[in-house]
Amino acid sequence: MNYAKFFELAKARGISASELYSSRKYSLSFELFHSEVSSYTTSESFAMSARGIYNDKFGVAITEKVDKRTPEHLVDEIIANAKVIEKDDKALLFKGSEKYHKRNMFNKEIEAISIEQKMKNLYEIEAKLKKSDPRVVEIETVQYSEEASEVNLVNSYGLNLKSRSNYYVYVASVVAKQGEEVKTGFKILLSNDPKELDIDKFVKETVEDATRKLGGSQCKSKKYPIILNQKSAADFLDPFLESASAEEVQKRSSLFIGKLDQPVASKKITISESPLTKNCFFRYFDDEGVATSNKKIVEKGLLKTYLYNLETAQREGTTTTGNGYKEGSKIGIGFVNASIKPGRKSEAELIAKIKEGVYISSVNGLHAGLNSQSGNFSLQAEGFMIRDGKIAEPLSLITVAGNLLELFLDVREVANNPELQLSGISTPSLLIKRLAISGK
Amino acid sequence: MIGKSLAKDVLNAGLATGADFAEIYLEQSEVSFLMLENGKVESALSSTSYGAGIRLLNKLQSVYGYTNDLSRKGLIKLAESLAKSYSGSRLMTIENIRKVAIKNAHAYEGPLSAVSREEKIALLKEAHQVMSAYDKRIVRIQNAFSNYRKNVTIFNSDGKQFDDVKERGRMVFAAIASENGKIETGFEGPGATSGMEFFTTKIDVKETARKVAELAIKMLTASECPSGKMPVVIGNAFGGVVFHEACGHSLEATSVAKKLSVFSESLGKQIASPIVTAIDDGTIPNAWGSNNIDDEGNKTQRNVLIKDGICTSFLIDAFNGRRMGMKANGACRRESYKYEPTSRMSNTFIASGTSTPEEIISSTKLGLYAASMGGGSVNPATGEFNFACSEAYIIRDGKIAEPVRGATLIGSGADILMKIDMVANDLERAQGMCGSSSGNIPADVGQPTIRVSEILVGGRGGALK
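Nothing here was measured: the structure is a model prediction, and the numbers come from that model.

Before we go on, may I ask you to explain the overall build of chain B in this structure?
A count of helices and strands for chain B gives 10 helices and 24 strands. Against the 2.2 N^0.38 benchmark of 23 Å for 465 residues, chain B shows a C-alpha radius of gyration of 24 Å, consistent with a compact globule. Its C-alpha atoms put chain B at 70 × 55 × 35 Å along the principal axes. For chain B, the proportion of its 465 residues judged to be buried stands at 58%. Within chain B, contacts between residues at least 6 apart in sequence are counted, and of these 76% link residues at least 24 apart.

Next up, the structure:
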């Protein structure tokens, strides 16, 4: 698209400042089923998102269709949309940060590996899964995918930022059977470093995820001391941090209203956001073009900062924290590479402290069973009984219920085993004083 | 978007290496979205999606690719790169393409895309006014209107061309109530394959707004839901999400074909209580999940999935049908050209039975009345599901008693279907977005009031007394 033509036309039509945000994505994925490639997908896609300020209001338009008419179409839609906006806030575009910590996180090694080799890895994973355990009766899928993307943010103030990134994903899912009981297990590896693929470890973890659930039963309904493993702790941290959003606070639907420098979690908990960490989630500017920075959100249980974008910062007369990320049609508030600081003890040492408790290995149904505004949750869970300080029989079809704020205030210990999840969140296992479990 | 002659060349390029079926799916969608936050227009967006997906099948293999570059060069390049996945020799060459006439079964007065922003905003403000006046404890209100017009053209190696236009709209009513640190929410999202008349005459905007506000306030005073196994009466309309998640997904060829579903071997067998009949019907005029044709060009149809407890049909797309040795039945869907299509639900519901809702409540001594459901999810291989209740009450001595919050229903689909012991005569449908491997698509769920003799309920209120 002709950027200059768009900016010229926008100015001529009375748009005081404007921005183009383009993204181009390339993807490749394939899947094995019963030793045959059952699907193979490749793509190249482009989207242009345009924003402009018209009479102090934002107008937004997005298109995937680029032709001669596109600049005019975008300008027309920006004006028509801006005209109906009634928000009191003065629309703002960003002129630029003083310093950007730019870094190239695009790993050429991903593309350098041939498709044949990537395919060979899948066949090897499948073959090893088959031989792994007699209880594994079906391999639902073995998949590989990779994606590369290029983002370019240009605005009429002369800001021009680019970033390029890529990653790959391996997924395997198996069905294990014992008598009439059926359990599934899966493993996902996401990274931008091909060296991280360890096929034997990947196979072992996929199989164990299914087989260790066999023989599962329901425990007695009551409150138990709880260990949340890394994945389930991360699943809770994500909605918990939504409350740090200045937007949620200003709209009175956050759990952190009035809690600045007050306790929102146990003293054992320190939570950071580190967008500049060198991994596949790395971001050096947010979706408004503001330089990102690493920061502590919660330190020893005390809330240290809310997360701001340009608009929410303007409302409070403060500065943005570089947390403006696109949420559909608007710039919402997000975070990248959030983590809980690991403690000193191992997970086994945490388990050893519990006479009778429950180890939660996964929670399901978060989109419906957890209300991040009230903090209340009631979720389907899987895990194990803990008896006399050791992992005992598997538990299935149990529910865990509680409140997010209470959960983080009730953290007794933090383990030393952080693990990065697909959500970009890294947490160690946590020991929680108690949560309500229902089963029998 | 492209002509027959280019389509023919692209299909033939794709067929060069032995594919036995080739298809081009072209789409241009115009989406409009308006959102009011506490009565003021906060967000207005127009968005155009535009692209093509090419699918090549070879026996039980499929390759798929998509691009926004609809030029001759772009499409031929994509078809050729996909064809490289196969190494056979050409089985066929397409000579002619014939356009298949499609009758529009979802007539509307005028397209939503022609309705002005101002008219939609006026309707949203009406809803907001009712909600904000309802109670001071309502602290945040969101009202949104979204609609799209999707132009689709499909060409395939059967020498067929299908052109279809889809017009859909949906309104969102969301209220957040707060008191003494407690926060509760209310939500409704009615939608249809229709024009503006659905919103101005078919639904009562003010009444819907009032109900949403009422629910948020009511749940503020609710106590924590007790937990444990108990009889559960599930309300009509959106209560059908339980069937959709727990059983519907397991009846899709996507999981059945590879024998990965609990119901893979169930055709002709009893999988539900004999009082249960369940239907997926993509033809219901103007319904949210309806279509004239599915996303591979087959006419949509009414599929009876369960008749009197017996499994009578699956939802089948052509590709998975190959593995099953069964014909496609108009159930192949995708969110957009960015997704390879597969078998999906459309408007899925449990048929009306003979009881009345009152009889069901009055014959339940102690249990849970899940009047309205939030979302949920399911594992199709095990059938294990979970659902959140957005409105629930305890039933005591055959009467609806105190409201409870934070209730979750947990179980397995196969088990719950057999335990349905009463079905009422008040079938209603409600609208939702269903997410699965081929993306997020509009789908209706539905049912009359039903009773399940026992479900595990999760909550924080201790044992039910």
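I keep staring at the overall build of chain A and nothing clicks. Help me out?
Tallying secondary structure elements over chain A gives 11 helices and 20 strands in all. In summary, chain A has a C-alpha radius of gyration of 24 Å against a globular reference of 22 Å for 440 residues, a match within 12%. Considering only C-alpha atoms, chain A reaches an extent of 75 × 55 × 35 Å along its principal axes. In chain A, which comprises 440 residues, the proportion classed as buried is 49%. The long-range fraction of contacts in chain A, counting pairs at least 24 apart against all pairs at least 6 apart in sequence, stands at 70%.

What is the right way to look at the nonpolar core in this model?
Side chains of nonpolar character tend, in soluble globular proteins, to be buried together. Within the largest apolar cluster, 204 residues are counted, with the highest numbers of intra-cluster contacts made by M131, V232, L368, A370 and A392 of chain B. By residue number, the principal contributor to this core is strand β18 (residues 384–396) of chain B, which donates eight residues. If near-sequence neighbours (up to four positions away) are discounted, A370 of chain B is found in contact with V232, V233, I234, G235, G239, C389, A392, A407 and L409 of chain B. The next biggest cluster of nonpolar side chains, apart from the first, holds 49 residues, and it includes I139 of chain A together with A7, L15 and L75 of chain B.

I'm lost on the packing of helix α3 (residues 117–134) of chain B against helix α5 (residues 205–220) of chain B in this one. Help?
When two helices pack together, their arrangement is given by the angle between the helix axes and by the axis-to-axis distance. Residues and elements named next belong to chain B. For the pair α3 and α5, the least separation of the axes is 8 Å and the interaxial angle reads 35°. The two elements α3 and α5 cross, and the hand of that crossing is right-handed. Residues L123, E126, A127, V130, M131 and Y134 of α3 touch α5, and the partners they reach there are V205, K206, A209, R210, V212, A213 and E214. Residue classes in the contact of α3 with α5 are distributed as nine nonpolar, no polar and four charged.

Would you mind going over the interface of chain A and chain B with me for this structure?
Opposite the 55 residues of chain A that make contact, chain B presents 63 residues. Looking at which element gives the most residues to the side of chain A that touches chain B, the answer is strand β2 (residues 36–54) of chain A, with 11 residues. Of the residues belonging to the side of chain A that touches chain B, the class tally is 17 nonpolar, 25 polar and 13 charged. Across four bridges, the pairing between strand β3 (residues 57–63) of chain A and strand β2 (residues 40–58) of chain B is parallel. Opposite T63 of chain A, over in β2 of chain B, you have T48 of chain B as the bridge partner.

Could you clarify how one ought to interpret the environment of I139 of chain A in this entry?
Residue and element names in this part refer to chain A. Relative to the helices and strands, I139 is located in strand β4 (residues 136–155). For the pair formed by I139 and A12, sequence separation is 127 residues and the distance between their alpha carbons is 60 Å. The residues contacting I139, other than those within four sequence positions of it, are E126, L129, K130 and V174.

It is not clear to me how the pairing of strand β11 (residues 324–327) of chain A should be interpreted in this structure. Could you clarify?
Regular strands place their side chains on alternate faces of the sheet. All names here are of chain A. By the bridge criterion, four bridges tie β11 to strand β12 (residues 330–333) in an arrangement that is antiparallel. From the neighbouring strand, Y325 faces β12, where its bridge partner is G332. Taking the residues that link successive antiparallel strands as the turn, the β11-β12 hairpin has two residues, and the phi of G328 there is positive, at about 60°.

Explain helix α2 (residues 70–84) of chain A here, please?
Since the α-helix turns once every 3.6 residues, residues separated by three or four places project in the same direction. Compared with the 21 Å implied by 1.5 Å per residue over 15 residues, the 22 Å span of α2 of chain A between its first and last C-alpha is a close match. Of all the residues in α2 of chain A, the buried ones are P71, L74, V75, E77, I78, N81 and A82 of chain A. In the core, the buried residues of α2 of chain A are packed alongside α1 (3–12), β2 and β3 of chain A together with β2 of chain B.

How do you make sense of the confidence of the model for chain B when you look at a structure like this?
Predicted coordinates in regions of low pLDDT should not be interpreted in detail. The predicted model of chain B averages 95 in pLDDT, with 100% of residues at 70 or higher. At the level of chain-chain contacts, confidence expressed as ipTM amounts to 0.90, with global pTM at 0.91.

Would you mind going over the sheet that holds strand β22 (residues 428–436) of chain B with me for this structure?
Backbone hydrogen bonds hold the strands of a sheet together, and the pairing may be parallel or antiparallel. Residues and elements named next belong to chain B. Judged by pairing direction, the sheet is mixed, and its six strands sit side by side in the order β13-β12-β11-β16-β23-β22 without closing on themselves. Across the chains shown, the open sheet's two edge strands, defined by having one partner strand only, are β13 (310–311) and β22. In terms of strand pairing, strand β11 (residues 278–281) meets strand β12 (residues 302–307) through four bridges, oriented antiparallel. Within β12, the residue paired with D281 across the bridge is R302. Against the sheet, helix α6 (residues 241–248) makes contact with β11, β16 (347–350), β22 and β23 (439–447), and its axis sits at roughly 100° relative to β16, the strand it touches most.

How should unusual backbone geometry be read in this particular structure?
Phi at L397 of chain A takes a positive value of approximately 50°, unusual for a residue other than glycine. A positive phi angle is found at K259 of chain B, which is not glycine, with a value near 55°. As for its placement among the helices and strands, K259 of chain B is situated in the loop between α7 (253–256) and β11. Classification of K259 of chain B by C-beta neighbours within 10 Å gives partly exposed; the count is 14.

Got a minute to help me understand helix α5 (residues 199–211) of chain A in this structure?
Residues and elements named next belong to chain A. In a regular helix each residue adds 1.5 Å, so 13 residues correspond to 18 Å; α5 covers 18 Å between its end C-alpha atoms and thus fits that length. For α5, the complete set of buried residues consists of F202, V203, T206, V207, D209, A210 and T211. The secondary structure elements touched by the buried residues of α5 are α4 (115–132), β4, β5 (160–178) and β6 (181–191).

Help me understand the pairing of β2 of chain B, please; the structure alone is not making it clear to me.
All names here are of chain B. By the criterion of burial, β2 is predominantly enclosed, with 17 of the 19 residues buried. In terms of strand pairing, strand β1 (residues 21–37) meets β2 through 17 bridges, oriented antiparallel. Note that in β2 the partner of E27 across the bridge is G51. Sheet topology note: the β2/strand β3 (residues 61–67) ladder contains seven bridges and is antiparallel. Bridge pairing links G53 to Y66 in β3. Between the antiparallel neighbours β2 and β3 lie two residues, among them K59 with a positive phi of about 50°.

Please clarify how the packing of α1 of chain A against α2 of chain A should be interpreted in this entry.
Residues and elements named next belong to chain A. Following both chains from N to C, one finds α1 and α2 inclined at 35°, their axes separated by 9 Å at the closest point. In the crossing of α1 with α2, the sense of the turn from one axis to the other is right-handed. Contacts from K5, F6, L9 and A10 in α1 reach P71, E72, L74 and V75 in α2.

Mind showing me how you'd approach the environment of S27 of chain A here?
Residue and element names in this part refer to chain A. Among the secondary structure elements, S27 is positioned in strand β1 (residues 17–33). For S27, a count of 18 C-beta atoms within 10 Å translates into the label partly exposed. Not counting residues within four places of it along the chain, the set of residues in contact with S27 comprises T42, S43, S145, E146 and E147.

It is not clear to me how the environment of N364 of chain A should be interpreted in this structure. Could you clarify?
All names here are of chain A. Its place among the elements puts N364 in strand β14 (residues 356–364). N364 sits in the buried class, given 22 other C-beta atoms within 10 Å. As for N364 and I391, which are separated by 27 residues in sequence, their C-alpha atoms are 21 Å apart.

Cut-offs and rules
- Residues numbered from 1 in each chain as written.
- Chains lettered and ligands numbered in written order.
- Predicted model: local features only at pLDDT ≥ 70, side-chain atom pairs only at ≥ 80, totals over all residues.
- Helix = DSSP H or I, 4+ residues; strand = E, 2+ residues; numbered from the N terminus.
- Rg over C-alpha atoms; globule rule 2.2 N^0.38 Å.
- Buried ≥ 20, exposed ≤ 12 C-beta atoms within 10 Å, placed from the backbone.
- Contact = placed C-beta atoms within 7 Å.
- Core = buried A, V, L, I, M, F, W, Y, C linked by C-beta atoms within 7 Å.
- Axes fitted to C-alpha atoms, helices over the stretch in contact; angles between N-to-C directions.
- Left-handed = near helix turned anticlockwise from the far one by under 90°.
- Nonpolar A, V, L, I, M, F, W, Y, C, P; charged D, E, K, R; others polar.
- Pairing = 2+ DSSP bridges.
- Expected span 1.5 Å × (residues − 1).
- pLDDT = per-residue confidence, 0-100.

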